[in-house]
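A look at the structure
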Amino acid sequence: MQAGRPTGPLVQGYEVIIGFETHTQLTTQSKIFSRASTAFGAEPNTQASAVDFALPGALPVMNKGAVQRAIEFGLAVNAHIAESSVFARKNYFYPDLPKGYQISQFEIPVVQGGIVEFFLGDEKKSVRLVRAHLEEDAGKSLHEDFIGQSGIDLNRAGTPLLEIVTEPDMRSSAEAVAYAKELHKIVTWIGICDGNMQEGSFRCDANVSVRKPGAELGTRREIKNLNSFKFMQQAIDYEVRWQIEQIEDGHAIQQATVLFDPDTGETRSMRTKEDAADYRYFPDPDLPPLVISREWVERTRADMSELPRVMAARFVADYGLPEYDAGQLTQNKATAAYFEAVATASKQAKLASNWVMGELSRRLNSEEKSIEASAVGADQLAKLVDRIADGTISNNAAKQVFDALWTGEGQDVDAVIEAKGLKQMSDTGELEKIIDEVLAANTKNVDEVRAGNAKAFNALVGQAMKATKGKANPTQVNELLKKKLG
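The following paragraphs examine the structure supplied in this document. (Residues numbered from 1 in each chain as written. Predicted model: local features only at pLDDT ≥ 70, side-chain atom pairs only at ≥ 80, totals over all residues. Heavy atoms only, no water.)

1. Some thoughts on the side chain of Ser85
Tracing the chain through its elements places Ser85 in strand β3 (residues 84-85). A distance of 3.0 Å separates polar atoms of two side chains, one belonging to Ser85 and the other to Gln105. Excluding its chain neighbours within four sequence positions, the residues that come into contact with Ser85 are Gln105, Ile108, Pro109, Val110, Pro289 and Leu290. (Helix = DSSP H or I, 4+ residues; strand = E, 2+ residues; numbered from the N terminus. Polar contact = N/O pair within 3.5 Å; in protein donor to acceptor, adjacent residues only side chain to side chain. Contact = heavy atoms within 4.5 Å.)

Right, dumping it as structure tokens:
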């Protein structure tokens, strides 16, 4: 850990140190060094070319689209885009690696540095990036369909990846998951990765170690191929507990690559962890340095859509939203667009934010729908927000209107309010008369309020709301009660 990084909550007296390596599959239609298709789901070994196998005489040619996407990511995280970067051969032997080496970047990556900012609850966090480098994917070993044997599918061999590496800046599994979700949001927002974790398009490796506060960094173990946020948190939590138990029992932690088993909730060692020297990196003789002009970078910057962090800052500046709200509303483009449509039409940004993040999100989550499939349109929610703001209905009544809109019982906000009789009382004289009757019938509560009992005041508010069948404006009821009680 570099000096000056914050500590996190201790686990059994130990500090948890987490770094991430994330493989994002880029959205090109062809592979990084060949014209073979990257489409998912094809029959095994139907999308691998002579270049992907490195057959004699077959030479790799750089996919410009992969470079374009690397530039876009670098700009999205405020990183440096290297004017010249180099491809290397990473040598190792595995059944699904037909070449006996993987083309990657080692000493000079295309994207250098950068930062990812996000919220953990209402606390703002940041994770520094070391690098993001281009490389090709390996094939896939298949074990399920073969008794006593393994199959090899090389369709994925040569698929373009951007491997994103962090500093060891995370201090808990919750913080690690929040970082991974933010990174997932960034790469899908800018369109360089489809983010499909089930298909392996976004795969995270977590480097986990523990140490006593102030001690040297502990030995890390790398949890490979975490492909769901739920399993990510479970795997890290188990690994932390396991490492602490080993140290407390007097055992040294051995650097290793481990896998997480969702069925048992445990990590298990797969192999001892290799270091860079074990891979015998050397520059790939078939690929020249990757040269990126400043003009290309600036052209890309100009063509990119508004980034989530930029949009969030604009929501704070233009709509007066808290940073937390702005961060939540920019989780994806569709949610951001929906909120902005409601806020613009209603001129009630904070109220619009509350409803999008609250009732609307709750409904969408319970029915597992995206915001694009919302049964309540932005124009309807804007009108509903207007009716709350102008005092026509209470917030509780608005939930009844929202229910009717959602279930298709009604389409027009005003018509639903009228049909259900949800308008708040606007006759101050009538409300004063009701409050006088409530005060006369609750003399004990009145005396307690005058003696300084806040709960008794709330009881009177409740009685007044009950007497008006919930149609009174709660704020108006509070004001009138305070006035009459002196």
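2. Notes on the environment of Asp205
You can see Asp205 is positioned in strand β12 (residues 202-211). Each C-alpha atom, one on Asp205 and one on Leu226, is 6.2 Å from the other, the two residues being 21 residues apart in sequence. What Asp205 contacts, discounting residues up to four positions off in sequence, is Gly19, Phe20, Glu21, His23, Glu222, Ile223, Lys224 and Asn225. For Asp205, the side chain forms a polar contact with the main-chain nitrogen of Asn225, separated by 2.8 Å.

3. Describing helix α9 (residues 349-366)
In this model α9 runs 25 Å from its N-terminal to its C-terminal C-alpha over 18 residues, within 8% of the 26 Å that 1.5 Å per residue would give. Considering bend angle alone, the principal kink of α9 is centred on Leu360 and spans about 35 degrees. Among the residues making up α9, those that are buried are Ala349, Ala352, Ser353, Trp355, Val356, Glu359, Leu360, Arg363 and Leu364. Buried-residue contacts for α9 involve α6 (308-319), α7 (323-329), α8 (333-346), α10 (378-389) and α11 (395-407). The positive-phi residue at the C-terminal boundary of α9 is Glu368, with phi of around 50 degrees. (Expected span 1.5 Å × (residues − 1). Bend = angle between axes of the 7 residues up to and from the residue. Buried < 20%, exposed > 50% of the residue type's maximum accessible area, 1.4 Å probe, protein only.)

4. A closer look at unusual backbone geometry
The backbone of Gln12 sits at a positive phi, close to 55 degrees, despite the residue not being glycine. Within the secondary structure, Gln12 is located in the segment before β1 (15-25). Despite not being glycine, Ala54 has its phi angle at roughly 60 degrees, a positive value. Given the relative accessible area of 30%, Ala54 is considered partly exposed.

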